[in-house]
Every structure is written in C-alpha cells, then in structure tokens.
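A look at the structure
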Amino acid sequence: MRTVSNVRYASPFSWVALNASQELEVFVLGPGGSVEHIWQTEPSDGRAPGRRPLGGGNVVGTPAVGVNTDGRLDVIARQEDGTLEHRWRTNPAPDGRWTPGWTPLYYDSQLVIGDPMAAANSDGRLEVFALFGDGTIRCAWQNAAGNDIDWSAWHSLGVPGSTPGA
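One structure accompanies this document, and this report is about it. Bear in mind that the values here come from a model prediction, so they are computed numbers and not experimental data.

Picture the strands of a sheet paired through backbone hydrogen bonds; they go either parallel or antiparallel. One open sheet accounts for four strands, arranged E10-E11-E12-E13; its pairing is antiparallel. Edge positions in the sheet fall to strand E10 (117–120) and strand E13 (155–156), since each has one partner strand and no second. In this sheet, E13 lies alongside strand E12 (residues 137–141) in antiparallel orientation, the contact comprising two bridges. When the bridges of E13 are listed, Cys-139 appears paired with His-155.

Below you can see the structure in the form of structure tokens.
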C-alpha cells in the first residue's frame, strides 16, 4: 500500500496534498470564504493556469485535505455556522470531477470551533479531527476505506490538557 502524507503549506490558509497523478495540489481559502485549488500539470513541473473554485461560500479557517486509498482527494472545511462539510473527487484524475456540492460531515448543536485535520488510518480509512465548542477534540472516520458517504459517529478524545478519568 502506498502511503501519502499531507504537509502543511507555508500559507496559514492553505493545504497541499499529492494527488493520484503524483502532482501537488494546493487548496486555499479564497475571497468571500470559498475554497479554491491549483495543481501541477505534470509531476514536479508546471502549474494549472490559475486557481479554480470549489465553492463553499461560508468557509472559515483552514480547510483540511485527506487522500483516499485510490488517490481521490477529500476536502473538509469548517463552515461559519460551526458545522463541518466536505467535498471529494468522484475519480482520481487531477482534472476529474468533484461532487456537485458540499456534504455535511458534522451538523449538530455543539459547534466546531477549530479547523479540521484529516489523516488516513493504516487500513486507508480517512479520519477527521476537530476542536468542538465544549473544549473536546472529537474524531470521525470512514466506515470503509474510500467511502466518502458512510462515516462513523463523532467520538470524544477528551479536553486537551486534562487528566483522563480525573
């Protein structure tokens, strides 16, 4: 299994990931709270001619990018209303199509107040972490590797700095 890690980009409002074609793809928070992206046109060379919008006009903070086992990218963004939404490629090609719109990943009364983080588990399932309004860090994961629709419930990892069981 090929392992690809996400690397934080130099800008405080962007993420970079290696897509299925081994080209770097950068995601940024654009004007008006929308997510935009640009990618290399060949591995280690060239750039697409300008950033392309992914939409999501109420995004705040820094979006996260996860890489599915087949190389498809999944972008997770915190919305202004404290929810998390995501959008993913429907095929691994770098110029491939994305889902028609943003899909809720978390929508409940407890607001998400921190930017999400995404990583792949050893079995390839994406896992998302975020800081919630009650001070807890919570996580959810794909129930099957590469399945961008079927996610677990959110699980608390506790409050940072607190002693478990105290």
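Okay, back to it.
What follows concerns the nonpolar core. Where a protein is soluble and globular, its nonpolar side chains tend to be buried together. Counting residues in each nonpolar core, the largest one holds 14 residues, and the members touching the most others are Ile-76, Leu-84, Leu-105, Val-128 and Trp-154. Counting residues per element, the ones that place at least two in this core are strand E9 (103–106) and strand E11 (126–131). Ranked by residues supplied to this core, first place goes to E11 with three residues. Excluding residues that lie within four positions of it along the chain, Ile-76 makes contacts with Pro-63, Ala-64, Gly-66, Leu-84, Glu-85, His-86, Leu-105, Pro-116, Ala-118 and Val-128.

Here the structure, examined in full by the defined rule, presents four aromatic pairs. Residues Phe-27 and Trp-98 carry aromatic rings whose centres are separated by 6.0 Å and whose planes lie at 80° to one another, so their mutual orientation is edge-to-face. Of the two residues, Phe-27 is situated in strand E3 (residues 24–29) and Trp-98 in the loop between strand E8 (84–88) and E9; the sequence distance between them amounts to 71 residues. Trp-98 matches Phe-27 in its accessibility class, with the two residues each being buried. Cluster of aromatic residues (ring-pair linked, three or more members): Tyr-106, Phe-132 and Trp-154. Positioned over the ring face of Phe-132 is Arg-138, at 4.4 Å from the centre of the ring.

What counts as what
Residues numbered from 1 in each chain as written. Predicted model: local features only at pLDDT ≥ 70, side-chain atom pairs only at ≥ 80, totals over all residues. Heavy atoms only, no water. Pairing = 2+ DSSP bridges. Helix = DSSP H or I, 4+ residues; strand = E, 2+ residues; numbered from the N terminus. Core = buried A, V, L, I, M, F, W, Y, C linked by side-chain atoms within 4.5 Å. Buried < 20%, exposed > 50% of the residue type's maximum accessible area, 1.4 Å probe, protein only. Contact = heavy atoms within 4.5 Å. Phe/Tyr/Trp six-rings, centres within 6.5 Å; stacked < 30°, edge-to-face > 60°. Lys NZ or Arg CZ within 6 Å of the ring centre and 35° of its normal.

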